[in-house]
Every structure is written in structure tokens, then in C-alpha cells.
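Each chain, letter by letter, is given below.
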Amino acid sequence: MKNRFIYIGGLLVLSVFSSCEKEFLDRAPQDTLVDANFFKTNEQVLAASAPLYSVVWKDYVDKASWALGDLRGGTTFRAYGYRDDVLFNTTEVSLSNNEAYRAFFIVIGQSNTLIQNINKYAGAEVSENIKNHALAEARFMRATAYSYLVMNYGAVPIIDNNLELLNNPAVRRNTVESVWEFITRDYLFAAANLPATPVQPGRVTKWSAEGMLARTYLTRAGVGASGNRNQEFLDKAKEYAERVITMSGRSLLPEYADLFRFPYDNNAESLFEQQWVFTSEYGYANTMVSQITFSNDIANGDGWGGDLGASWWMLNLYNGLVTEGNPNTDEDDGRLPGFTLDDRLKATYMLPGAQYPEISQTVRDADGTEREQGLVFPAPTAAANESFASIKKYVVGKAKDLGGQATTQRYPNNTYMLRLAEMYLIYAEAALGNSASSSDARALEYFNAVHTRAGLPAFEGPLTWDVVFEERIKEFAMEGLAWYDLVRLHYYNPQKAYEIINNQDRGLFIVRPDRMPNPTGWTFTKTASFTERKASANSGNFELPIPAAEASQAPSLEKSQCLMSLGSKRYIIPTIEIIIYEK
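Residues numbered from 1 in each chain as written. Predicted model: local features only at pLDDT ≥ 70, side-chain atom pairs only at ≥ 80, totals over all residues. Heavy atoms only, no water.

Asks: Go over the overall build of the chain, please, and point to the residues and values.
Replies: In terms of regular secondary structure, the chain is built from 18 helices and 10 strands. The burial tally for the chain puts 62% of its 583 residues in the buried class. Long-range pairs, those at least 24 residues apart, make up 72% of the contacts in the chain between residues at least 6 apart in sequence. Working note: accessible area of the chain is about 21,300 Å², and carbon and sulfur atoms make up 49% of it. (Helix = DSSP H or I, 4+ residues; strand = E, 2+ residues; numbered from the N terminus. Buried < 20%, exposed > 50% of the residue type's maximum accessible area, 1.4 Å probe, protein only. Contact = heavy atoms within 4.5 Å. Areas by Shrake-Rupley, 256 points an atom, 1.4 Å probe, with all protein chains shown as cover.)

What follows is the structure in C-alpha cells.
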């Protein structure tokens, strides 16, 4: 059964927030968090850091993570909602933008508060190891939030003490380079102070931090570069990735689909997950499932993702899955066009006739009688001219499929933030470095560990950037990473990033199986009447704009002077309102 440390710990510190008003940021906190008796024991310190694994990320994970990471990144398509993200026109008032921006500063603000209070109020009975562990957790989460901020908004202010800045209107954005240096130092501290094995299931470890360092150095290698990336940082990315691969004790799950079959939480491949639980407390449950599930027929009074699914561009990346105008059949195993050996497709998106016996589906007979069966994804009607390759990843089904642990907007399954598979692909890309291609034996070995796990024959090489990039897209689709892969590219080769985005077909289509049930292939046809098929990325719209709610109250945001508004008052940006649960 899933370990409940996050839930229990979270409830233990709910009193910290429950009596607060929004005006609490006007003054030093006066609740139990700053009581000198609060941190008497190791358990109390760990309870205080527990919410950093869930509730503080809530606004990002619910919708913004996939709206930015996958709709904006091009892996996933939405026909009627979030069209600003789909068409790469995310604005100052876009919901995804506002939710992401708010969440990132909530994480930073809460991390800073925890750091300050542990340093000030940890009692003599709290062990130095646990004190440093909680400080490392806070700095790990702060670094993670900052990595998303700098990749979405560019230059942002570095905030490491909320209270010192309350009355300082002169705080300004730091350079992109200095933000990345700050992120790196936080992760280095975390790597030095976290244990090799988790103190409780789901807690981050030194390998979580070293994995984030591998990702960070791969990204930093392109910051400020023009063409060639920084070789020192590429080497560090490769070094940290290999350390995690060879020393962490983590291993790839044999079957890709098992990564998303409940219960999968905190498995052997996981390096960092947000820890959600089934609870009446909205902030601690996974609500993203409600947003992406295609129908209430497989949900719990929700299932609002009916117009979400794989993009046309995404489907074209699966070798052998021939779509209109894409004769990529080099790995179709001699089968008819419309079939792929890549197991990741079925585990990520649903095509008509795909079966998922672990998920219960309500179906209706011709007379309207309802019955339940294992999920068989339905085919479009004969008259239809559109359909969706709906999302499977993270969709886990009804309460009965989860041992009773689900209801409307309350799901227990975790969301990945870092998996071991990424270390293999980071190593491959870092080893390739600035070369056009590479046949490096170890890089190929690591690449193929991911590639063959998906049911594909070994790739013989040579590796190129495009090969590794497309592998990452297929491996991590609907995990919110595609957009950040494009940002990493944009740092040193913006033109190529624009070309990838602008050549992605993000339009509507229809998928028809060759038979139902148990299809052996599908045909894909673009919906001719749907004309908004392409995005338009350029230097003017690549970074996200500061949300209008903030810029309207603090015009200096656009002039690198960062303030934030809460109601009619103005506060420094690190003191973004913290999630409050009333008693």
C-alpha cells in the first residue's frame, strides 16, 4: 500500500496555514510554525517539509504542467480549449501562464520559509542529519521551481529570504546565467546533504539531486552559447547521469506501461515524484487525472479531457505508424501500414480498439442498458470527420479499479518529475555534445536501454541530436517535458527550435481502425475543414509574458523590477500568496 508520509505530514502542518489571512505577508508570521517549541523532534521537521512534495505544486500540476509542457511543446493537441497554448500564443491572461507563475513562487516562498524557520527554531533534540535533510529538501524544491521559472520567463529575481524583501521595492531580475548558477548551488547542497536511500518512501535522495544536476548541466551547456555548447557543462551532465545510472541502485522497469499502471508510485525507476494521496483535502490529491481523462465512462464523475489527444506531429514520430504523407515504415515488422512496435504509444495515448483491462468502462447497449467492461477505446462513428487519440498516461480509472481510492477530483497516483530513463538519454546527448553524430559505444548502450525497453529493435547508430530528441519526446510525452526540451535547444540554436515548432502539425484529424475489436492497424486522415494546423514561434513569443494580474499592479515587472499584488496591496514577488486551507 502507498506510504502516507506526505499526507500525514501535510495534515500535521495544516495548522500552519489554516489560521492565516492573506495579510499575513505584511508581518512576521505569528502562528505555530515560528513557535520555538514547534521543531522539537525529527518527525516534526520532516512533517514540515512534507507539503513541498504536493500541495505547493498544485496549481502547476493540475493543468499548467501539460498545457505548457505538452500542448505548447507540441506532443499533445486540444481542439476546443487552451488554443492559446496549442497555437503557441500563450498570453498575459492565459490560464496556464497564471497558474504556473503562481505555483512556482509558492514553492519558492514556502521553501524559503522552511529554511528560515528550521535554522531559527529547530530544537536541540532535532538531529543535525534531519535538519540538513529538510534544508536540502527545501533547496531542492526551490531549485526545481526556479528551473521552470527561468526556462519559461527568462530573467527572474533570485529570492532566498522572503521577510528581508517585504519592504524593498527595488528587487530586480537576475540574469539567466546567474539564476542557473543559483539553481546549481541549491542542487549541489541537496546532493551533499541528502541520503543515498530515502528516509521515508517518496522522499528525494542524493541521486534525485544528482539527476537534477545532470539535467541542469545539460541545459546550462547551451545558456549564452551560439552554436557550440559549453563542453565543461556537457561533461558534467554526462558524469552526473552516469553516476545515477551506475550507483543509485535504480533500474528501468522491464515494461514501459507499468510506469503508469496503478499502483506504480515510487517504483525502481523513479527518482523524484510529486506525492499525491486519496484524501478529502483537495490540495493533497491528484486532480490532473480529472482534467485529462477522456470520459466519465472511465472516471468518477469527472473526465473532462475529451478533446485532448496526441498531436498529428506526435503520432508521426512512432516508427511504422503511418499517417497521411509519412511513409516511415522502417520498423513495421512487415505488417501493414498503421502499426508500430513502439509500446509507448499504447501506454501514452489511446487509439480505437486499444484495450486496457485494468480500467473499468461503462458502455451502453442499443436499448440504453448500461454495463461495465474492461476499457476498449471506442472508434469514431461512420459519419464522423474527427476523433482523438486520447490520453492514457496517468489515467487510472474508477474507484473500483483503485481499491476505492478515488472520487471526483481526488486521485491517489503520483506524477513523475524525474525518471532514470532520462539519465540514459542525457548521457547520450551529452556524449554527442557538439558533434553532428556519434557512435560512442556507451552512449549507444544507454540510448538502447530506453529504446529497446519500448519493444523496438536496437538502434545501430550513429546517434544524432534529432534521434535523441525524438526518443525523448516519445519517452516523456505527457510528462510535461517536451516544451523544456525545446527551451534547452533554444538557448544555443533558437532557429532550429522555431523550425521544429513551426513545422509541427497541430491540427484535427480522424483515426479509423481496420477492424473492431482487436485492430491490426489504423488509418489517419486530416480533417480538411480544420485550418488552424500550425503554430508560429519566434523570438517575440518564445518566452512567456509576465501574467497581466501582476504586471497591471506592478508595471516595473516589465522593467526588471519585480513586484506582485495581493488584492489592493503590493508585495515583493517571493511573497506570492500561499495556499490557505480554512478550518
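Asks: Let's hear about the nonpolar core: which residues, and what values?
Replies: Ranked by size, the top nonpolar core spans 169 residues in total, and within it W57, Y349 and M423 carry the most contacts. At 15 residues, the largest contribution of residues to this core is made by helix α6 (residues 128-153). Every residue in contact with W57, bar those within four places of it in the chain, is listed here: L52, F104, V107, M141, T144, A145, Y148, Q274 and M417. In terms of nonpolar packing, the next biggest core, distinct from the first, is built from seven residues, A299, V396, A399 and Y411 among them. (Core = buried A, V, L, I, M, F, W, Y, C linked by side-chain atoms within 4.5 Å.)

Asks: Account for helix α8 (residues 206-220), naming residues and giving values.
Replies: Helix length check: α8, at 15 residues, gives a terminal C-alpha distance of 20 Å against a target of 21 Å (1.5 Å per residue), a fit within 8%. Taking burial as the measure, the 15 residues of α8 include 15 buried ones, the bulk of the element. For α8, the side-chain oxygen to backbone nitrogen distance between the N-cap and W207 is 3.1 Å, and the N-cap itself is T205. (Expected span 1.5 Å × (residues − 1). Polar contact = N/O pair within 3.5 Å; in protein donor to acceptor, adjacent residues only side chain to side chain.)

Asks: Explain the packing of helix α5 (residues 95-121) against α6 residue by residue, including any values.
Replies: As a packed pair, α5 and α6 sit with axes 9 Å apart at the nearest point and diverge in direction by 155°. Compared by their axis directions, α5 and α6 come out roughly antiparallel. Read as a crossing pair, α5 and α6 show a hand that is left-handed. When grouped by side-chain class, the residues that make up the contact of α5 with α6 number 18 nonpolar, five polar and three charged. (Axes fitted to C-alpha atoms, helices over the stretch in contact; angles between N-to-C directions. Parallel < 35°, antiparallel > 145°, perpendicular 65-115°, else oblique. Left-handed = near helix turned anticlockwise from the far one by under 90°. Nonpolar A, V, L, I, M, F, W, Y, C, P; charged D, E, K, R; others polar.)

Asks: If you had to explain the packing of aromatic side chains to someone new, which residues and values would you point to?
Replies: Summed over all chains, the structure comprises 31 aromatic pairs. With centroids separated by 5.5 Å and ring planes inclined at 65°, the aromatic side chains of W312 and F509 adopt a geometry described as edge-to-face. You can see W312 sitting in helix α11 (residues 312-317) and its partner F509 sitting in strand β7 (residues 509-513), a full 197 residues away along the chain. Judged by relative accessible area, F509 falls into the buried class, the value being 2%. Put simply, the rings of W57, Y60, F104, Y148 and Y484 pair up and form one aromatic cluster. (Phe/Tyr/Trp six-rings, centres within 6.5 Å; stacked < 30°, edge-to-face > 60°.)

Asks: Describe in detail the pattern of salt bridges, supporting the description with residues and values.
Replies: Applying the stated rule across the entire model yields 38 salt bridges. For the salt bridge of D186 with R142, the shortest nitrogen-to-oxygen distance reads 2.8 Å. Of this pair, D186 sits in helix α7 (residues 176-193) while R142 sits in helix α6; the two residues are 44 residues apart in sequence, bridging distant segments of the chain. Residues K400 and E372 are paired through a salt bridge, measuring 2.9 Å at the closest nitrogen-oxygen approach. Highlighted residues: K400 in the loop between β5 (370-376) and β6 (415-419) and E372 in strand β5, separated in sequence by 28 residues. Judged by relative accessible area, E372 falls into the partly exposed class, the value being 39%. Connected through shared salt-bridge partners, E269, D342, R344, K393, R419, R453, E471, E475 and E479 make up one network. (Salt bridge = Lys/Arg side-chain N within 4 Å of Asp/Glu carboxyl O.)

Asks: Can you break down helix α9 (residues 231-247) residue by residue, with the values?
Replies: Taking 1.5 Å per residue, 17 residues should reach 24 Å; α9 reaches 24 Å between its end C-alpha atoms and fits that length. Within α9, burial applies to F233, L234, A237, Y240, A241, V244 and I245. All buried residues of α9 lie within an arc of 135° about the axis, which places them on one face of the element. Where the residues of α9 are buried, they touch α7, α8, β2 (270-274), α13 (420-432) and α14 (441-453). Looking at the residues trailing α9, positive phi occurs at G249, about 80°. (Arc of directions from axis to C-beta.)

Asks: I'd like a rundown of the environment of V150, residues and numbers included.
Replies: In this fold, V150 is placed in helix α6. On a C-alpha basis, the gap between V150 and E543 in space is 9.4 Å, while along the polypeptide they are 393 residues apart. If near-sequence neighbours (up to four positions away) are discounted, V150 is found in contact with V176, V179, W180, I183 and Y491.

Asks: So what about the packing of α6 against helix α16 (residues 482-492)? Which residues, and what values?
Replies: It is the contact of α6 with α16, at a shortest axis distance of 10 Å, that shows an interaxial angle of 65°. Viewed along their axes, α6 and α16 form a crossing whose handedness is left-handed. Judged by residue contacts, Y148, V150, M151 and N152 of α6 engage W483, Y484, V487, R488 and Y491 from α16. A breakdown of the residues in the contact of α6 with α16 according to their chemical character gives seven nonpolar, one polar and one charged.

Asks: If you had to explain unusual backbone geometry to someone new, which residues and values would you point to?
Replies: Of note, the bond from F262 into P263 is cis; its omega dihedral lies within 30 degrees of zero at -5°. When you line up the elements, P263 lands in the loop between α9 and β2. The linkage connecting G461 with the following residue, P462, adopts the cis geometry, with an omega of -5°. Structurally, P462 can be placed in the loop between α14 and α15 (465-476). Even without glycine at this site, F88 takes up a positive phi of about 60°. Looking at the element boundaries, F88 is found in the loop between α4 (83-86) and α5.

Asks: Tell me about the confidence of the model for the chain, and please be specific about residues and values.
Replies: Across the chain, pLDDT averages 87, with 84% of residues at or above 70. Per-residue pLDDT stays below 50 along residues 3-36; that stretch engages in 73 contacts with residues further than four places along the chain or on separate chains. Counting contacts from residues 559-583, a segment whose pLDDT is below 50, to residues more than four positions away or on other chains yields 93 contacts. (pLDDT = per-residue confidence, 0-100.)

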